[in-house]
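Structural overview for review
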Amino acid sequence: MNKDVQKPTAWARVTGWIHHHRVAAFLAAGFLVAIAGTVALTLLQQKPVPESSGKYYSPLTGEQVADEAETKQAVTAIMIENSPDARPQSGIKDAGVVYEAIAEGGITRFLTMHQQDKPLIAGPVRSLRIYFLDWLAPYNASVAHVGGSADALAEVRNGSYRDIDQFFNADSYWRAADRDAPHNIYTSFEKLDALNHAKGYNESHFTGFTRVDGKPSEAPTATAITIDFGGQLYNTSYAYNKTTNTYARSLAGAPHLDREKGQLTPSVVIAMQVEMKLIQPDSGHEDITTTGTGKATIFQNGTAQVVAWHKADRAAQISFTDATGRDVPLVRGQTWIAAIPNTGGSVSWR
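Residues numbered from 1 in each chain as written. Predicted model: local features only at pLDDT ≥ 70, side-chain atom pairs only at ≥ 80, totals over all residues. Heavy atoms only, no water.

So, on to the overall build of the protein. When helices and strands are tallied, the protein shows 6 helices and 25 strands. Within the protein, buried positions represent 47% of all 350 residues. Of the contacts made within the protein by residues no fewer than 6 positions apart, 62% connect residues no fewer than 24 positions apart. Here the protein displays about 17,300 Å² of accessible surface, and carbon together with sulfur accounts for 55% of that area. (Helix = DSSP H or I, 4+ residues; strand = E, 2+ residues; numbered from the N terminus. Buried < 20%, exposed > 50% of the residue type's maximum accessible area, 1.4 Å probe, protein only. Contact = heavy atoms within 4.5 Å. Areas by Shrake-Rupley, 256 points an atom, 1.4 Å probe, with all protein chains shown as cover.)

Here it is, written out as structure tokens:
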């Protein structure tokens, strides 16, 4: 009499196959593990990682923010004039990072970078220079300006930037009645936020500077800083305040004021030495070498540290390294970066 043959279960068939095909099974398992690991790493890289559990920090200033969404908030850059007729300016005190450089004729100009802190009024807004564009490119930022030099406009209009030029967005700017043209164009973040949103510029993804908590030096060695751009109307100085661990900025021998919020007091001041030359025949506009490497001095916590600055290309963020080649962290808060020409400029402290 024939007896029914019991068919093996599905699990028995799988284990039997594995038993007879050990090598193939091992390779298949390894492949699946590798795929899972790659997917997990990709997801991790796409998500900002807080500096410590439960805390998030602004990539622009290093200051603590409420949540992950704050770390992705769109960055907006504004070109701010610094001729005597433009003073006092508005909105600079709320900038996370400020770049200062000569625009033409020895006259300096500012590029202010804003993320969390948004002034109600900002200006006077002036024209763009290509080296300021080089400095803002790594921030994935919109740039507010009124025209610019020929090379800067050719670059910013090539489709790779978030250009919010006043020439094409006049409703987002206005002319103030209490200033003479061309020193009277202003904007606000109510208008700029609306303009950015309309253009889809809702987030910025970028790598900022390495940041650390500030700690005043017990024995400060650099409490008075002088940065010379080559002209009395534009030379600056900083007085260190150990109590606040900030630097009170003066311009042309007087406190440099934000019209609405008082004296400017960055947490970090950096004097970055650069090569500068005239562009011909572009109306005498200056050109500054922004890539490569050069000498810089970082002032923070009441001390001075001579370092090297590095920038690989237009898209790369500036980095600062010490004599051993290690990255130098910057104190959280507003950072002021002054680009001083190697010829005609200087920095000193005591």
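Having seen the structure, we can now continue with the description.
Pairing within the open sheet is mixed, and its 10 strands lie in the order β7-β6-β3-β5-β4-β24-β17-β20-β21-β22. Every interior strand has two partners, whereas the edge strands, β7 (162-163) and β22 (319-321), have only one. Bridging between strand β3 (residues 76-81) and strand β6 (residues 142-144) involves 3 bridges; their strand directions are parallel. Along β6, the bridge assignment pairs Thr76 with Ser142. Its contacts with the sheet put helix α6 (residues 189-198) on β3, β5 (107-114) and β6, and the angle it makes with β3 is roughly 135°. (Pairing = 2+ DSSP bridges. Axes fitted to C-alpha atoms, helices over the stretch in contact; angles between N-to-C directions.)

With that settled, the discussion passes to the packing of aromatic side chains. Tallied over the full model, the rule gives 10 aromatic pairs. Where Phe209 meets Phe320, the ring centres are 6.0 Å apart and the plane angle is 45°; that geometry is what we call tilted. With a gap of 111 residues between them, Phe209 in the loop between α6 and β10 (211-212) and Phe320 in strand β22 connect regions that are remote in the sequence. For the residue pair Phe209 and Phe320, the accessibility class agrees, reading buried in each case. In this structure an aromatic cluster arises from ring pairing among Tyr99, Tyr131, Phe132, Trp135, Tyr139 and Phe206. (Phe/Tyr/Trp six-rings, centres within 6.5 Å; stacked < 30°, edge-to-face > 60°.)

Moving on, we come to the side chain of His256. Mapped onto the elements, His256 comes out in the loop between β14 (254-255) and β15 (257-258). With residues near it in sequence (within four places) discarded, His256 still touches Asn82, Gln89, Phe110, Arg249, Ser250, Leu251, Gly262, Gln263 and Leu264.

This part covers α6. Inspection of α6 places Phe189, Leu192, Leu195 and Asn196 among the buried residues, and these make up the whole buried set. Take α6 and look down its axis: the buried residues cluster within an arc of 125°, on one side only. The exposed residues of α6 that point more than 90 degrees off its buried face are Glu190, His197 and Ala198. Buried residues in α6 make contact with β3, β5 and β6. Where α6 ends, the next residue or the one after it, Gly200, has phi of about 85°, a positive value. (Arc of directions from axis to C-beta.)

What follows covers unusual backbone geometry. Here the bond from Arg87 into Pro88 is cis, since omega is -10°, no more than 30 degrees from zero. In this structure, Pro88 sits in the loop between β3 and β4 (97-104). The peptide bond linking Ala181 to Pro182 adopts the cis configuration, its omega dihedral lying at 5°. Along the chain, the position of Pro182 falls in the loop between β8 (174-175) and β9 (185-186).

As for its placement among the helices and strands, Thr112 is situated in strand β5. For Thr112, a relative accessible area of 1% gives the class buried. Counting along the chain gives 16 residues from Thr112 to Gly96, while the straight-line C-alpha distance between them is 7.4 Å. Non-local contacts of Thr112, meaning those with residues more than four positions away in its chain, are made with Thr76, Ala77, Ile78, Ile80, Ile92, Ala95, Val97 and Val98.

Here the focus is the sheet that holds strand β25 (residues 346-349). Strand order in the open sheet formed by 5 strands is β14-β13-β12-β11-β25, and the pairing between neighbours is antiparallel. Every interior strand has two partners, whereas the edge strands, β14 and β25, have only one.

Another aspect to go through is the confidence of the model for the protein. When pLDDT is averaged along the protein, the result is 88; 83% of the residues meet or exceed 70. Every residue in residues 1-7 is under pLDDT 50, and counting partners more than four places away or in other chains gives 0 contacts. Low pLDDT, under 50, characterises residues 23-49; the stretch is placed with 9 contacts to residues that sit more than four places away or in other chains. (pLDDT = per-residue confidence, 0-100.)

Of all the 7 residues making up strand β24 (residues 335-341), 7 are buried; the element is thus mostly covered by neighbouring parts of the structure. The two faces of β24 match: Thr335, Ile337, Ala339 and Pro341 on one face and Trp336, Ala338 and Ile340 on the other face are all buried. Here 4 bridges tie β4 to β24, and the two strands are oriented parallel to one another. Each bridged residue has a counterpart across the sheet, and for Val97 the counterpart in β24 is Thr335. Bridging between strand β17 (residues 268-274) and β24 involves 7 bridges; their strand directions are parallel. Within β24, the residue paired with Met272 across the bridge is Ala339.

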